[in-house]
Amino acid sequence: MLETVDLCVSYGAVKALNGMNLVVPRGEVTAVIGANGAGKSTLMRTLAGLVSPQSGQVLFDGASIAGTKPEDIVRNGLALVPEGRSTIPELTVEENLRLGGLWRSKSDRGASRDIVFDLFPILNERSTMRADTLSGGERQQLAIGRALMSDPKCLLLDEPSLGLAPLIVTQILELVSRLARETNLAVLLVEQNAVTALRVATTGVVLNLGEVVKSGPAAEISSDEELRHAYLGY
Amino acid sequence: MTNFIDYLLGGFSNGAVIALMALALVLVWRSTRMVNFAQVGQAMFTTYIALTVQQSTGNWVLALVVALLAGSILGVVVFFLVIRPVKNSDTTGAIIATFGVLIALQAGAGMIWGGDPEGFVPPVDNAGLEIGGRIWPVSLYDLLVLAVTAVLVIGLTLLFTKTSLGLSMRASAFNPEVARLSGVRVNRMLITGWAIAGATGAIGGVLIAPFSTISPNSFDILLVFAFTAAVIGGLDSLIGAVTFGIGTGLVISLVSGYSDSGNAPIVALVLLALNLLLKPDGVFGHHGSRSV
């Protein structure tokens, strides 16, 4: 589904990603974990088209998308939920959701909205309220809901646990993981919080200083003590 | 008391035009986070175009429509020729550049139409209406100005709150990155903002011209009032621009009535200074919506 080949991204002299290879299959959650500064957000911003790679490839559905504009990438089915509960606080819940798929036909949008409300019923209840009246967990649901309104084939979640209670994060991620299985959606999750991420993921990838240190089944990674001590700090 | 009511009533149509010009400033602010000081210059230029159309065809509605189209085109031209190349490197530079555009438009208008003030004939009578044996300070033309303004404001409100285009424009203004990630073509929305602002200012120009005369510099004072209204309203708020645009019109009318019209700009600037001291985010602005 989504694949990176030898992906290199630099900010000036600083190499944020150094030859990264990654495969994100459909129907499951792939978790990229690593400490602050490992290159996780850079990876997500590059995949979404906000940052251009220096070299290497981003393949989506077999086609190269590196250098495509973010607004075209999301229209092609690759949606990013950026770090920090990226809703627009001045707009209502309904407007935030509608924004996610404005280019689509009204009936397609309606179908997606039903899926979102089914997944996160609280958004239906709060539909006419401004996004800034929502709690942190509700805003994260809204941000994911907005991304789902584009009917993505692949969903990118950047650090959804940031500033949220662990229980809420687990609930939201389990819903997303179920959605991935049921609708054959590819999900790429990057997290500093390795425990939660590996719990919902099928595959785990450990990233350190822009390089993949280890990848394999999530259960295997979470039980590898050496890896935990060296890169994940717990 | 009769004087007071007369002065107040006489201020509404002027206030409506100030509101339109303030709206134009706010629309540009919302799309590109900068004040376009050339706005009144663009309005002056398109009003001259409208004057030419009216003089040759005698059709006011046609002149208004031509001004509207010319205004939106001129807005886009200014954006592409001046703002976009400059703004990529420096917003302050772009704001200074709008002064350059203002001066260029004034010089250009002087070369094409000459510097002498010309009269713009109103489509309906501009003399005070006589109702109940008394002449009121409100003319048929004042009512037309208020009606056109109301239609435009309601139209813009519906555009922004009810349509997909409006939602895209608001999202682009509030958070361009999230808008792009949602599939909105943000650049197009910025250009659309400049076009709508240009059209709004152009209509304001055509409406205000019959109240005095038109010359390359005749709208300069309008910039002072519109800027005051837009800033006090919060620069981000359409309601703020309309409310304080009309409010400014009423204040000007009262100040001119009780003292001298030459004092009106001073009063406007004092209000602006007080506002910046006491409520720097503007009355309808939200915190952090601008930094002056």
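Analysis parameters
- Residues numbered from 1 in each chain as written.
- Chains lettered and ligands numbered in written order.
- Predicted model: local features only at pLDDT ≥ 70, side-chain atom pairs only at ≥ 80, totals over all residues.
- Heavy atoms only, no water.
- Helix = DSSP H or I, 4+ residues; strand = E, 2+ residues; numbered from the N terminus.
- Rg over C-alpha atoms; globule rule 2.2 N^0.38 Å.
- Buried < 20%, exposed > 50% of the residue type's maximum accessible area, 1.4 Å probe, protein only.
- Contact = heavy atoms within 4.5 Å.
- Areas by Shrake-Rupley, 256 points an atom, 1.4 Å probe, with all protein chains shown as cover.
- Pairing = 2+ DSSP bridges.
- Axes fitted to C-alpha atoms, helices over the stretch in contact; angles between N-to-C directions.
- Core = buried A, V, L, I, M, F, W, Y, C linked by side-chain atoms within 4.5 Å.
- Parallel < 35°, antiparallel > 145°, perpendicular 65-115°, else oblique.
- Left-handed = near helix turned anticlockwise from the far one by under 90°.
- Buried area = accessible area lost by both parts, 1.4 Å probe.
- Salt bridge = Lys/Arg side-chain N within 4 Å of Asp/Glu carboxyl O.
- Polar contact = N/O pair within 3.5 Å; in protein donor to acceptor, adjacent residues only side chain to side chain.
- Bend = angle between axes of the 7 residues up to and from the residue.
- Nonpolar A, V, L, I, M, F, W, Y, C, P; charged D, E, K, R; others polar.
- Phe/Tyr/Trp six-rings, centres within 6.5 Å; stacked < 30°, edge-to-face > 60°.
- Lys NZ or Arg CZ within 6 Å of the ring centre and 35° of its normal.

Asks: Which residues make up the overall build of chain B, and what values do they have?
Replies: Regarding its fold elements, chain B presents eleven helices and four strands. Rg of the C-alpha trace for chain B: 19 Å, near the compact-globule value of 19 Å for 292 residues, within the 12% margin. Each of the three principal axes of chain B carries a C-alpha extent, and together these read 65 × 45 × 35 Å. Here chain B holds 292 residues, and 51% of them are scored as buried.

Asks: Which residues make up the overall build of chain A, and what are the values?
Replies: A tally of regular secondary structure across chain A gives ten helices and ten strands. Here chain A has a C-alpha radius of gyration of 17 Å; the compact-globule value for 234 residues is 17 Å, and the two agree. The 234 residues of chain A split such that 53% are buried. Intrachain contacts of chain A at a sequence separation of at least 6 include 69% that bridge at least 24 residues. For chain A, the computed accessible surface area is about 9600 Å², with 46% contributed by carbon and sulfur atoms.

Asks: Residue-level account of the sheet that holds strand β2 (residues 14–24) of chain A, with values.
Replies: Residue and element names in this part refer to chain A. Read from one edge of the open sheet, four strands run β2-β1-β4-β5, paired in antiparallel fashion. Both outer strands of the open sheet, β2 and β5 (63–64), are each paired with one neighbouring strand and no more. Note: strand β4 (residues 55–60) against β5, two bridges, orientation antiparallel. When the bridges of β5 are listed, Leu59 appears paired with Ser64. Of the strands in this sheet, β1 (2–11), β2 and β4 are in contact with helix α1 (residues 40–47), which crosses β1 at around 115°.

Asks: Residues and numbers for the nonpolar core, please.
Replies: The biggest cluster of nonpolar side chains holds 86 residues, and the ones touching the most others in it are Leu23(B), Leu207(B) and Leu222(B). For this core, the element with the highest residue contribution is helix α1 (residues 2–32) of chain B, accounting for 13 residues. With sequence-adjacent residues up to four places away left out, Leu207(B) is seen in contact with Val17(B), Leu20(B), Trp60(B), Tyr141(B), Val145(B), Val148(B) and Thr149(B). Membership of the second largest hydrophobic core comes to 42 residues, among which are Ala31(A), Ala79(A), Leu97(A) and Val116(A).

Asks: How would you summarise the packing of helix α10 (residues 238–258) of chain B against helix α11 (residues 264–278) of chain B if you had to cite specific residues and measurements?
Replies: Residue and element names in this part refer to chain B. Viewed as axis vectors pointing N to C, α10 and α11 meet at an angle of 135°, and their least axial separation amounts to 9 Å. With respect to α11, the element α10 is oriented oblique. Once α10 is placed against α11, the crossing between them reads as right-handed. Facing α10, whose interface residues are Val251, Ile252, Val255 and Ser256, α11 presents Ala264, Val267 and Leu271.

Asks: Could you give an account of the interface of chain B and chain A, with specific residues and numbers?
Replies: Taken together, the 17 residues of chain B in the interface contact 23 residues of chain A. Carbon and sulfur atoms make up 58% of the surface buried where chain B meets chain A, a total of about 1900 Å² over both sides. The largest per-residue losses of area from chain B upon contact with chain A belong to Leu167(B), Arg180(B) and Leu181(B), which jointly make up 33% of the total buried on that side. For the interface between chain B and chain A, the tally reads four salt bridges. Where chain B touches chain A, the interface holds six residue pairs in polar contact (both at pLDDT 80 or more).

Asks: Please give an account of helix α3 (residues 60–87) of chain B that cites residues and values.
Replies: Residues and elements named next belong to chain B. Of all the bends in α3, the greatest, near 40°, is centred on Phe79. Listed as buried for α3 are Trp60, Ala63, Leu64, Ala67, Ala70, Gly71, Ser72, Leu74, Gly75, Val78, Phe79 and Ile83. Tucked into the core, α3 has its buried residues touching α1, α2 (39–57), α4 (91–113), α5 (140–162) and α8 (186–208). Of the residues flanking the start of α3, the one acting as N-cap is Asn59, its side-chain oxygen 3.1 Å from the backbone nitrogen of Val61.

Asks: So what about the side chain of Arg170(B)? Which residues, and what values?
Replies: Mapped onto the fold, Arg170(B) is located in helix α6 (residues 164–174). Residue classification places Arg170(B) among the buried residues on the basis of a relative accessible area of 11%. A distance of 2.7 Å separates a polar atom in the side chain of Arg170(B) from a polar atom in the side chain of Glu95(A). For Arg170(B), the residues in contact, after removing those within four places along its chain, are Leu91(A), Glu95(A), Arg30(B), Phe160(B) and Thr161(B).

Asks: I'd like a rundown of the sheet that holds strand β6 (residues 78–81) of chain A, residues and numbers included.
Replies: Residues and elements named next belong to chain A. Strands sit in the order β6-β7-β8-β3-β9-β10 across an open sheet of six strands; the sheet is mixed. Both edges of this open sheet fall to β6 and β10 (211–217), since each of them pairs with a single strand only. Across the sheet, the mean angle from the axis of one strand to that of its neighbour is 15°, orientation sign disregarded. Note that strand β9 (residues 203–208) and β10 share six bridges and pair antiparallel.

Asks: Just give me the short version of the pattern of salt bridges, but keep the residues and values in it.
Replies: This structure, assessed with the given rule, holds twelve salt bridges over all chains. In this structure, the salt-bridge partner of Glu71(A) is Arg180(B), at a minimum N-O distance of 3.0 Å. On the criterion of chain membership, the pair formed by Glu71(A) in helix α2 (residues 70–75) and Arg180(B) in helix α7 (residues 176–181) is interchain, its members lying in two chains. For Glu71(A), a relative accessible area of 6% gives the class buried.

Asks: Please set out the packing of helix α9 (residues 220–232) of chain B against α10(B) residue by residue, giving values where relevant.
Replies: All names here are of chain B. It is the contact of α9 with α10, at a shortest axis distance of 8 Å, that shows an interaxial angle of 130°. Relative to α10, the element α9 is oriented oblique. The handedness of the crossing between α9 and α10 is right-handed. Residues Phe225, Ala229 and Ile232 of α9 touch α10, and the partners they reach there are Gly240, Ala241, Phe244, Gly245, Thr248 and Ile252. Class assignment for the residues of the contact of α9 with α10 results in six nonpolar, three polar and no charged.

Asks: Describe the packing of aromatic side chains, listing the residues and the values that go with them.
Replies: Residues and elements named next belong to chain B. Under the defined criterion, the tally for this structure stands at eight aromatic pairs over all chains. Each ring, one from Tyr48 and one from Trp113, has its centre 4.7 Å from the other, and the planes form 5°; the classification is stacked. Here Tyr48 is found in helix α2, whereas its partner Trp113 is found in helix α4, with 65 residues between them in sequence. Counting every residue linked through ring pairs, the aromatic cluster contains Phe37, Phe99 and Phe227. Sitting above the plane of the Phe160 ring, Arg30 keeps its charged end 5.2 Å from the centroid. Positioned over the ring face of Trp136 is Arg134, at 4.2 Å from the centre of the ring.

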